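So you can see what is in the structure, the chains are spelled out below.
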Amino acid sequence: MKYWTFRMFHDRISFQISVKWLLITLSMSLLLLLLFLLGLSAGSKWIPLTEVAQQLMGYIDTHSFTVETLRLPRILLAILVGASLGVAGLILQTIVRNPLASPDIIGITSGASLGAVSFITFGTGIISMQFLPFAAIAGGLVTSLLIYIISWNKGVTPIRLVLIGIGLSAILKSGITFMLVFSDAVVTTKAYIWLTGSLYAANWSDVSAMSLWILTPLPILLIWGRSMNVTALGDEVAINAGIRVQLQRFVFLMCSVVLAGTAAAYAGGIEFVGLMAPHIAKRLATKSFIGLIPITALIGASLVLIADIIARTMFLPLDIPAGVFTAAIGAPFFIYVLFYNRNR
């Protein structure tokens, strides 16, 4: 198989591209493009794909409000959310070396959800709802730091990180349920819709703000990404290779928190994307961490976009939260992964 090797910034960033990787990436990009056009076309009012293309290129102005104001921001936000969750899951599965790890399973999403529900419960009518994303990201950050501190015992091992994360996630979900039970009906309904995971009422400010958040970890992933392949072989091998394992694990955990917390902030508790996307990517392409990042992002984006298209078109005039459909697919997938790895 032919490879092309790329080295930049005095070998600080280096990676290989194979023909197979290139074909898979192009195929997934084409699939995402088709879903993008389908999402702009589908809705309570179906618009022909030719007219969608003409509207985007500025040849017509017939569907300006529907395409550019209502549907395009929602679709772009779905792509950003799916890509963020997919890469966040890939990071967690790599640093803890556990195929069942994902932001929603080890507690990061639960922390972000608790932060958001607390904001909705106690801040509605007092603080502007535009600060909701900050509450969700802060909740995810505090939870991840708490998991890391409790897991620390002369270092952090992957198994402790996972087990403590699962236990803390259960406690946080209990706290969320407690607040929902004692809140009034309006607040509970608003919080429940957010928890389910919905892209309803997405706007351009959400898209631009989330784009800035998810670009923050990108330099770290590119510069340190190649060392993740060595860490996957075990801590002893990585330490002997000169890698500062504990620092690397902490930094990449924070990258995962930023990605997953941002996704939860702008779209709510969309689950199982961080579990499914890395597994599908690994089956299709390379095992290299850097090589998996773009493919995982494309798959995660496609999964959320498919779920959102189904959610807003299959049950008209209802607009079902997209998280309902990612959970419907993800729960059986989780059982499959658990069964597949039962003897490992």
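**Q** Before we go on, may I ask you to explain the overall build of the protein in this structure?
**A** Within the protein, the secondary structure is distributed over 14 helices and two strands. A compact globule built from 344 residues would reach a C-alpha radius of gyration of about 20 Å, and the protein, at 20 Å, matches this within 12%. When burial is assessed residue by residue, the protein has 51% of its 344 residues classed as buried. A fraction of 73% describes how many contacts in the protein between residues 6 or more apart in sequence connect residues 24 or more apart. When the accessible surface of the protein is split by element, carbon and sulfur atoms take 70% of a total near 16500 Å². Averaging the positions of the 21 positive and the 12 negative side-chain charges in the protein gives two centres separated by 14 Å.

**Q** I would appreciate a short explanation of helix 5 (residues 132–151) in the present structure.
**A** Residues lying three or four places apart along an α-helix face the same way, a consequence of the helix completing one turn every 3.6 residues. An ideal rise of 1.5 Å per residue puts 28 Å on 20 residues; helix 5 measures up with 29 Å between its terminal C-alpha atoms. Residues of helix 5 that are buried: Leu132, Pro133, Ala135, Ala136, Ile137, Gly139, Gly140, Thr143, Ser144, Ile147, Tyr148 and Ser151.

**Q** Teacher, can you tell me more about the packing of aromatic side chains here?
**A** Aromatic ring pairs are defined here through the distance separating the ring centres and the angle between the ring planes. Counting across every chain of the model gives six aromatic pairs. Relative to tryptophan 213, the ring of phenylalanine 134 lies with its centre 6.4 Å away and its plane at 70°, an arrangement referred to as edge-to-face. Highlighted residues: phenylalanine 134 in helix 5 and tryptophan 213 in helix 8 (residues 204–215), separated in sequence by 79 residues. Note on tryptophan 213: relative accessible area 27%, which makes it partly exposed. An angle of 80° between the planes, with centres 5.9 Å apart, marks the rings of phenylalanine 252 and phenylalanine 289 as edge-to-face. On the criterion of sequence distance, the pair formed by phenylalanine 252 in helix 11 (residues 245–267) and phenylalanine 289 in helix 13 (residues 289–313) is long-range, its members being 37 residues apart.

**Q** Could you clarify how one ought to interpret the packing of helix 9 (residues 218–231) against helix 13 in this entry?
**A** Working note: a packed helix pair is described by the angle between its axes plus the distance between those axes. For the pair helix 9 and helix 13, interaxial distance at closest approach is 7 Å and the crossing angle is 120°. Compared by their axis directions, helix 9 and helix 13 come out oblique. Contacts between helix 9 and helix 13 involve Leu221, Leu222, Gly225, Arg226, Met228 and Asn229 on the former and, on the latter, Phe289, Ile290 and Ile293. Looking at the contact of helix 9 with helix 13 residue by residue, the class counts come to six nonpolar, two polar and one charged.

**Q** Would you mind showing me how to read the packing of helix 3 (residues 64–95) against helix 11 here?
**A** Orientation of helix 3 relative to helix 11, taken along the N-to-C sense of each, is 150°, at an axis distance of 8 Å. Overall, the two elements helix 3 and helix 11 adopt an arrangement that is roughly antiparallel. Classified by chirality, the crossing of helix 11 by helix 3 is left-handed. Where helix 3 approaches helix 11, its residues Leu77, Val81, Ser84, Leu85, Val87, Ala88, Ile91, Leu92 and Ile95 are matched on the opposing element by Arg249, Phe252, Leu253, Cys255, Ser256, Leu259, Ala260, Ala263, Tyr266 and Ala267. Residues belonging to the contact of helix 3 with helix 11 are distributed by class as follows: 16 nonpolar, two polar and one charged.

**Q** Mind showing me how you'd approach a nonpolar patch on the surface here?
**A** A surface patch of nonpolar side chains, amounting to about 530 Å² of accessible area, comprises Leu215, Leu218, Ile220, Leu222, Ile223, Trp224 and Leu247. With five residues, helix 9 is the single largest residue contributor to the nonpolar patch. Looking at the secondary structure, you find isoleucine 220 in helix 9. The exposure class of isoleucine 220 is partly exposed, given its relative accessible area of 32%.

Cut-offs and rules
Residues numbered from 1 in each chain as written. Predicted model: local features only at pLDDT ≥ 70, side-chain atom pairs only at ≥ 80, totals over all residues. Heavy atoms only, no water. Helix = DSSP H or I, 4+ residues; strand = E, 2+ residues; numbered from the N terminus. Rg over C-alpha atoms; globule rule 2.2 N^0.38 Å. Buried < 20%, exposed > 50% of the residue type's maximum accessible area, 1.4 Å probe, protein only. Contact = heavy atoms within 4.5 Å. Areas by Shrake-Rupley, 256 points an atom, 1.4 Å probe, with all protein chains shown as cover. Lys, Arg positive; Asp, Glu negative; His and termini not counted. Charge placed at Lys NZ, Arg CZ, Asp CG, Glu CD. Expected span 1.5 Å × (residues − 1). Phe/Tyr/Trp six-rings, centres within 6.5 Å; stacked < 30°, edge-to-face > 60°. Axes fitted to C-alpha atoms, helices over the stretch in contact; angles between N-to-C directions. Parallel < 35°, antiparallel > 145°, perpendicular 65-115°, else oblique. Nonpolar A, V, L, I, M, F, W, Y, C, P; charged D, E, K, R; others polar. Left-handed = near helix turned anticlockwise from the far one by under 90°. Patch = residues over 30% accessible without salt bridge, like charges linked within 9 Å, V, L, I, M, F, W, Y side chains within 5 Å. Salt bridge = Lys/Arg side-chain N within 4 Å of Asp/Glu carboxyl O.

Honestly, that's just the spatial picture; any functional story needs more than this.
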